[in-house]
Amino acid sequence: MSVSIDIDNVVKKFGENTVIKGLSLHIRPGEFFTLLGPSGCGKTTLLRMIIGFHSIEGGTISVDHTVINDIPVNRRNMGMVFQNYAIFPHMSVAENVAFGLKQRNVPKEQRAAMVDEILKIVKIDHLKDRMPTQMSGGQQQRVALARAIVIHPQVLLMDEPLSNLDAKLRVEMRNAIKHIQQQIGITTVYVTHDQEEALAVSDRIAVMHDGVIQQVGTPQFIYQRPANRFVSNFIGLSNFFPGRLFAEGSRAGIDFGSYRECLDNLDVTPAGKASLADAQGLPVTIAVRPEEFVIDQAGQEGLDATVRSSVFLGISTHYFMTLPDDREIEVIKPSDAGSIIPNGTAVKLRVDPTRINVFTEDGSRTLIRASEDGERT
């Protein structure tokens, strides 16, 4: 049966340095939950606190409503897959996978049956007698995964498990890991700095920065409605513009300076304003992803831009454009039967008002009204 994980106001210090700063999370039973963020943000530290490799200086961690702060590592019933696989080079695949079962005194015949079953699930049963040195990186990673889950842990923890694989193998293994996790239904906490990887495998993602959770949500929601500028810039690519809010009668929206766009989902309360009328002229930061631009070569209204170069990638064409202030932005359009816009062409750019994001001037909070099951950090 799958279990929940509750992290309540936990603190981790290394000497005088506080790495985790009163962090709280709820991970649902059977969920594939990813901790995503840049190096040094505290995601691996939090993972190691869950399994018990690091002490907890404040707060509690509970599994299935049982506080585990003082439970030793070997009694937490968790499996972990490390970045470097950590499989024994002198043991065969079957012996590596059976190691944890042997430590738990599982009878030999039952142990062999459990190993055979899990090797079939991870699709390396034909390699059971092979030594790790005779295997590819992806195969070794499957061995590490099989060894972690054969013991039927309550929780599976994975720390940057694909970082040592080449690009093609990473895609293959992330799909395999997601499929296996869904098949087994085990609550999984996954750590990565790779945004594409996180988007591909996760049920939900927590974006971390400097030991603080910036936002929690599904991959789609975090990408489309980031909570602040950091999330918008870390997940995918965003072009940022200074602007101001305007409110005129029943119309409200954003003013780029050269043109205006009406929005019907503005919420100015995070900026301390009671109404849109109170926010008239409020400086804001506007985030536009490359695919949220509309290119108009004959338009009279929009942002002035000049095509500097383009890259045709089959299903899409990426344009690199220069603005009048010499800033460079990226614009992505689906490829069609038409010709690619030549370098040096002056165009007008509009934005899709239903998709762009607007933040306070300092980028700390979104001013877009959006919710996903009430979860936004």
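Above this text you will find the structure in question.
Please read all numbers here as calculations on a predicted model, not as lab measurements.

So, the nonpolar core
Okay, step 1: In terms of nonpolar packing, the biggest core is built from 38 residues, with Val97, Ile118, Leu119, Leu145 and Leu156 touching the most fellow members.
Okay, step 2: Broken down by secondary-structure element, the contributors of at least two residues to this core are α2 (93–103), α3 (108–121), α4 (137–149), β7 (155–159) and α5 (167–184).
Okay, step 3: Not counting residues up to four positions away in its chain, the partners in contact with Leu119 are Val93, Val97, Ile124, Asp125, Lys128 and Ala146.

Concerning the side chain of Ser62
Okay, step 1: Locating Ser62 in the fold gives a position in strand β4 (residues 58–63).
Okay, step 2: Relative accessible area serves as the criterion here: at 11%, Ser62 is assigned to the buried category.
Okay, step 3: Residues within four places of Ser62 in sequence aside, it is in contact with Ser4, Ile5, Asp6, Val67 and Ile68.

Some details on the side chain of Arg289
Okay, step 1: Relative to the assigned elements, Arg289 resides in the loop between β14 (283–288) and β15 (293–296).
Okay, step 2: It turns out Arg289 is buried and unbridged, and the closest side chain with the opposite charge, Glu292, is 4.7 Å from it.
Okay, step 3: At 3.4 Å, the side chain of Arg289 forms a polar contact with the backbone oxygen of Ser232.
Okay, step 4: Those residues within four positions of Arg289 in sequence are excluded, and the remaining contacts are Tyr223, Pro226, Ser232, Ile235, Gly236, Leu237, Ser238 and Asn239.

Things to note about the pattern of salt bridges
Okay, step 1: Taken as a whole and assessed by the stated rule, the structure comprises 14 salt bridges.
Okay, step 2: Among the ionic pairs, Arg174 bridges to Glu196, the shortest N-O distance being 3.2 Å. With a gap of 22 residues between them, Arg174 in helix α5 and Glu196 in helix α6 (residues 195–201) connect regions that are remote in the sequence.
Okay, step 3: For Glu196, a relative accessible area of 48% translates into the label partly exposed.
Okay, step 4: In this structure, Asp304 engages Lys348 in a salt bridge whose closest nitrogen and oxygen atoms are separated by 2.7 Å. Taken as a pair, Asp304 in strand β16 (residues 303–312) and Lys348 in strand β19 (residues 346–351) lie far apart in primary sequence, 44 residues in all.
Okay, step 5: Given a relative accessible area of 37%, Asp304 falls into the partly exposed group.
Okay, step 6: The buried category is assigned to Lys348, whose relative accessible area is 18%.

Looking at the packing of α2 against α4
Okay, step 1: With their axes 7 Å apart at the nearest point, α2 and α4 run at an angle of 30° to one another. Regarding the angle of α2 to α4, the classification is roughly parallel. Considering the relative orientation of α2 and α4, their crossing is right-handed. Facing α2, whose interface residues are Val93, Asn96 and Val97, α4 presents Val143, Ala146 and Arg147.
Okay, step 2: Looking at the contact of α2 with α4, its residues break down into four nonpolar, one polar and one charged.

Topic: the environment of Asp6
Okay, step 1: Tracing the chain through its elements places Asp6 in strand β1 (residues 5–14).
Okay, step 2: Under the relative-accessibility criterion, Asp6 is labelled partly exposed at 22%.
Okay, step 3: Along the chain, Asp6 and Thr18 lie 12 residues apart, while their C-alpha atoms are 21 Å from each other.
Okay, step 4: In this structure, Asp6 is in contact with Leu25, His26, Thr60, Ile61, Ser62 and His65, ignoring residues within four places of it in sequence.
Okay, step 5: There is a polar contact of 2.6 Å between the side chain of Asp6 and the side chain of His26.

Parameters at a glance
- Residues numbered from 1 in each chain as written.
- Predicted model: local features only at pLDDT ≥ 70, side-chain atom pairs only at ≥ 80, totals over all residues.
- Heavy atoms only, no water.
- Core = buried A, V, L, I, M, F, W, Y, C linked by side-chain atoms within 4.5 Å.
- Buried < 20%, exposed > 50% of the residue type's maximum accessible area, 1.4 Å probe, protein only.
- Helix = DSSP H or I, 4+ residues; strand = E, 2+ residues; numbered from the N terminus.
- Contact = heavy atoms within 4.5 Å.
- Lys, Arg positive; Asp, Glu negative; His and termini not counted.
- Salt bridge = Lys/Arg side-chain N within 4 Å of Asp/Glu carboxyl O.
- Polar contact = N/O pair within 3.5 Å; in protein donor to acceptor, adjacent residues only side chain to side chain.
- Axes fitted to C-alpha atoms, helices over the stretch in contact; angles between N-to-C directions.
- Parallel < 35°, antiparallel > 145°, perpendicular 65-115°, else oblique.
- Left-handed = near helix turned anticlockwise from the far one by under 90°.
- Nonpolar A, V, L, I, M, F, W, Y, C, P; charged D, E, K, R; others polar.

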